[in-house]
Amino acid sequence: MQILTNREGPVLRLQINRPEKRNALTLEMYAQMTSALQEADRDPAVRVVLIHGQPDTFSSGNDLQDFVQAPPAGDDSPVGRFITAISRARKPLVAAVAGPAVGIGTTMLLHCDFVFAAEDTRFQLPFVNLALLPEAGSSLLLPMQIGYLRAAELLMLGAPFSAAKALQYGLVTEVCPDGPAAVRVAQATAAQLAAKPPAALHLIKQLLKRPQAEPLAAQIGDETRHFVEQVRSPEAAEALHAFFEKRAPDFAQFA
Ligand code: COA
């Protein structure tokens, strides 16, 4: 199983488990994560969802092979359904990250309520380097959360950045010494949340998210529409082939 789910009392643990591909997310993995999030929202016994990967890897983002072989076709694709599920989750989401947190491995964190990052976390929003576009509403949430100039830096340059910088920019709650420590702090936070009165907690989350709910849905729709075209573009084909051929892409030929 590449997505492991495990109930620990009121906490649903969701672990990304594809270490041989640095936890790159396939269509099947998105579908499993969507089901787990939906089930957590339905089941009153689940109070909190805890999301993490391995001690040295959160996720290298969307499986790049899938972008070539089965690119997303719209909102009703596995990634689209996952984005809808995580962006509308009613219950608190707590994430612990370490190592690579790339692409959707970073943008999904914008939908979490707490993010604990190991010191060695390497965040990256590399969409532009792949001739792709930001997703999961990140083109709205990122400037809202960290400010326009910082969002432009991370999205237009697409360079990796450290946990310290993520903390400084307001993308993470706390930096922890390593991956296991991040999971421990996340578990302790999940336990604290699980002991709170659930109706009040849900309403607080709903009220916090309310101002962004409608613009977010519209932005996700726009992002998806453009993404569906861009992932099929010649410049994206060049970038994706370059990754698998382990060479730098050459965009000089494109107007
Ligand atoms: N999709 C598919 N396969 C991926 C992948 C991805 N997103 N990320 C890594 N892999 C594969 C590699 O191709 C490699 O496979 P191989 O062993 O069959 O050659 C394996 O996972 C290990 O990756 P590797 O690059 O050797 O690990 P690393 O520790 O040196 O680097 C990353 C880790 C995450 C920095 C690097 O793999 C990377 O940049 N991946 C692409 C990230 C990306 O662009 N994601 C899409 C965002 S939209």
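Residues numbered from 1 in each chain as written. Predicted model: local features only at pLDDT ≥ 70, side-chain atom pairs only at ≥ 80, totals over all residues. Heavy atoms only, no water.

Caption draft 1: The arrangement of the overall build of the chain in detail. Along the chain, the regular secondary structure elements total 10 helices and 9 strands. The C-alpha radius of gyration of the chain comes to 17 Å, within 12% of the 18 Å expected for a compact globule of 255 residues. Along the first, second and third principal axes, the C-alpha atoms of the chain reach 60 × 40 × 35 Å. Put simply, the chain has 255 residues, and 51% of those count as buried. Contacts in the chain between residues at least 24 apart in sequence constitute 71% of all its contacts with a sequence separation of at least 6. Accessible surface for the chain amounts to roughly 11,900 Å². Of this, 58% is attributable to carbon and sulfur atoms. Within the chain, one finds 23 positive and 26 negative side-chain charges whose respective centroids are separated by 6 Å. (Helix = DSSP H or I, 4+ residues; strand = E, 2+ residues; numbered from the N terminus. Rg over C-alpha atoms; globule rule 2.2 N^0.38 Å. Buried < 20%, exposed > 50% of the residue type's maximum accessible area, 1.4 Å probe, protein only. Contact = heavy atoms within 4.5 Å. Areas by Shrake-Rupley, 256 points an atom, 1.4 Å probe, with all protein chains shown as cover. Lys, Arg positive; Asp, Glu negative; His and termini not counted. Charge placed at Lys NZ, Arg CZ, Asp CG, Glu CD.)

Caption draft 2: Seen up close, the packing of aromatic side chains. Counting across every chain of the model gives 6 aromatic pairs. Ring centres 5.7 Å apart and planes at 40 degrees place the aromatic pair Tyr-30 and Phe-82 in the tilted group. Here the residue Tyr-30 occupies a position in helix H1 (residues 27-42), and Phe-82 occupies one in helix H3 (residues 78-87), the gap between them amounting to 52 residues. By relative accessible area, which is 1% here, Tyr-30 ends up buried. The class of Phe-82 is buried, set by a relative accessible area of 2%. An angle of 45 degrees between the planes, with centres 5.5 Å apart, marks the rings of Phe-67 and Phe-227 as tilted. Pair noted here: Phe-67 is in helix H2 (residues 64-69) and Phe-227 is in helix H9 (residues 198-230), with a separation of 160 residues, a long-range link. Each member of the pair, Phe-67 together with Phe-227, is buried. (Phe/Tyr/Trp six-rings, centres within 6.5 Å; stacked < 30°, edge-to-face > 60°.)

Caption draft 3: Examining the site of the ligand more closely. Around the ligand, 16 residues are found, and the nearest of them are Lys-21, Arg-22, Ser-60, Asn-62 and Leu-64. Between an oxygen atom of the ligand and a side-chain N or O atom of Arg-22, the distance comes to 2.9 Å. The contact in question runs from a nitrogen atom of the ligand to an N or O atom on the backbone of Leu-64, over 2.8 Å. Isolated, the ligand exposes 870 Å² of accessible area, and the fraction of that covered by the protein chains is 66%. Of the residues in the shell around the ligand, the class split is 8 nonpolar, 3 polar and 5 charged. (Near = heavy atom within 4 Å. Polar contact = N/O pair within 3.5 Å; in protein donor to acceptor, adjacent residues only side chain to side chain. Nonpolar A, V, L, I, M, F, W, Y, C, P; charged D, E, K, R; others polar.)

Caption draft 4: Spotlight on the pairing of strand S2 (residues 11-16). Most of S2 sits inside the fold, with 5 of its 6 residues counted as buried. As defined by bridge partners, strand S1 (residues 3-8) adjoins S2 across 6 bridges and the pair is classed as antiparallel. Considered in S2, the bridge of Arg-7 is made with Leu-12. Pairing of S2 with strand S3 (residues 48-52) involves 5 bridges; the strand directions are parallel. Across the sheet, Leu-14 pairs through a bridge with Ile-51, a residue of S3. With respect to chirality, the unit in which S2 leads through H1 into the neighbouring parallel S3 is right-handed. (Pairing = 2+ DSSP bridges. Right-handed = clockwise from strand over helix to strand, strands pointing away.)

Caption draft 5: Expanded view of the pattern of salt bridges. A complete count under the given rule lists 11 salt bridges for this structure. Among the salt bridges present, the one from Arg-247 reaches Glu-238, with a minimum N-O distance of 2.9 Å. Judged by its relative accessible area of 35%, Arg-247 is partly exposed. What you see here is one network of salt bridges that share partners, running through Glu-238, Glu-245 and Arg-247. (Salt bridge = Lys/Arg side-chain N within 4 Å of Asp/Glu carboxyl O.)

Caption draft 6: Region of interest: the packing of helix H5 (residues 138-146) against H9. Running from N to C, H5 and H9 cross one another at 135 degrees; their axes reach a closest spacing of 8 Å. Viewed along their axes, H5 and H9 adopt a mutual orientation that is oblique. Together, Ser-138, Ser-139, Leu-140, Leu-141 and Met-144 of H5 and Gln-212, Pro-215, Leu-216, Gln-219 and Glu-223 of H9 make up the contact between the two elements. By residue class, the composition of the contact of H5 with H9 is 5 nonpolar, 4 polar and 1 charged. (Axes fitted to C-alpha atoms, helices over the stretch in contact; angles between N-to-C directions. Parallel < 35°, antiparallel > 145°, perpendicular 65-115°, else oblique.)

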